[in-house]
Amino acid sequence: MKKVAVVGCGEYMDSGYGCPGDWRCLKAAAFSEGEFDEVSQVVAFLKCSCPGRSVPPNLNMAMRLSEIKPDVIHLSSCLVNAVPKCPYFTPEELAEHITNKTGIPVILRTHYYH
Ligand code: SF4
């Protein structure tokens with residue numbers, strides 16, 4: 001089973017409507033739906049905070065403390081599809097930055113539920 005970490009947009013999560021972490025990302029991972037190409041175990045779920053600087057160090061800290069290295073990291077659908085867009089970076093830029101800092105591939109989006 002693949003181990004995955006998910007990164008959600010903290011601005012969106014804190015607004016409290018259908019946010020990442022309620023069920024969508026978790027269901028998609030559990031049932032191999034959306035961008036999960038196999039049944040996946042979510043071993044970390046992190047919240048980005050503006051301006052996003054803390055994401056790579058927090059991922060590295062989560063890996064160190066949990067002693068689990070995810071096979072892939074997903075940027076949540078809410079983060080990738082956000083409207084208005086994140087003012088600090090594109091999802092592609094964040095994905096590249098995370099991969100450069102952690103050595104782990106990043107996939108854009110988690111699910112396609114409404
Ligand atoms: S930096 Fe962008 S993705 Fe991160 S919490 Fe702020 S708005 Fe969301």
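Preceding this section is the structure that the text describes.
### Structural notes on the overall build of the chain
Per the secondary structure count, the chain includes five helices and four strands. Mapped in sequence order, the helices and strands of the chain form the string β-α-α-β-α-β-α-α-β. A globule of 114 residues ought to have a C-alpha radius of gyration of about 13 Å, and the chain, at 13 Å, matches this closely. Each principal axis of the C-alpha atoms in the chain carries an extent, and together these give about 35 × 30 × 20 Å. Burial analysis of the chain (114 residues in total) assigns 32% to the buried set. When contacts within the chain are restricted to residue pairs at least 6 apart in sequence, those whose partners lie at least 24 apart make up 75%.

### Describing unusual backbone geometry
A cis geometry characterises the amide bond from C50 onward to P51, with omega recorded as 5°. Mapped onto the elements of the fold, P51 is located in the loop between β2 (40-48) and α3 (55-66). Geometrically, the link from V83 to P84 is a cis peptide bond, its omega value of 0° lying close to zero. Phi angles above zero are rare outside glycine, and R109 is one such case at about 85°. Classification of R109 as partly exposed rests on a count of 19 C-beta atoms within 10 Å.

### A look at the sheet that holds strand β3 (residues 72-75)
On the basis of which strands lie adjacent, the open sheet formed by four strands has the order β2-β1-β3-β4 and parallel pairing. Across the chains shown, the open sheet's two edge strands, defined by having one partner strand only, are β2 and β4 (106-108). Adjacent strand axes in the sheet meet at a mean angle of 25° when their direction is disregarded. In this structure, strand β1 (residues 2-9) lies alongside β2, joined through eight bridges in parallel fashion. Pairing of K2 across the sheet is with S40, part of β2. In this fold α3 packs onto β1, β2 and β3, with an angle of close to 140° to the strand it touches most, β2. Where helix α5 (residues 91-102) meets the sheet, it contacts β3 and β4, and its direction lies at approximately 165° from that of β4.

The rules behind the values
Residues numbered from 1 in each chain as written. Predicted model: local features only at pLDDT ≥ 70, side-chain atom pairs only at ≥ 80, totals over all residues. Helix = DSSP H or I, 4+ residues; strand = E, 2+ residues; numbered from the N terminus. Rg over C-alpha atoms; globule rule 2.2 N^0.38 Å. Buried ≥ 20, exposed ≤ 12 C-beta atoms within 10 Å, placed from the backbone. Contact = placed C-beta atoms within 7 Å. Pairing = 2+ DSSP bridges. Axes fitted to C-alpha atoms, helices over the stretch in contact; angles between N-to-C directions.

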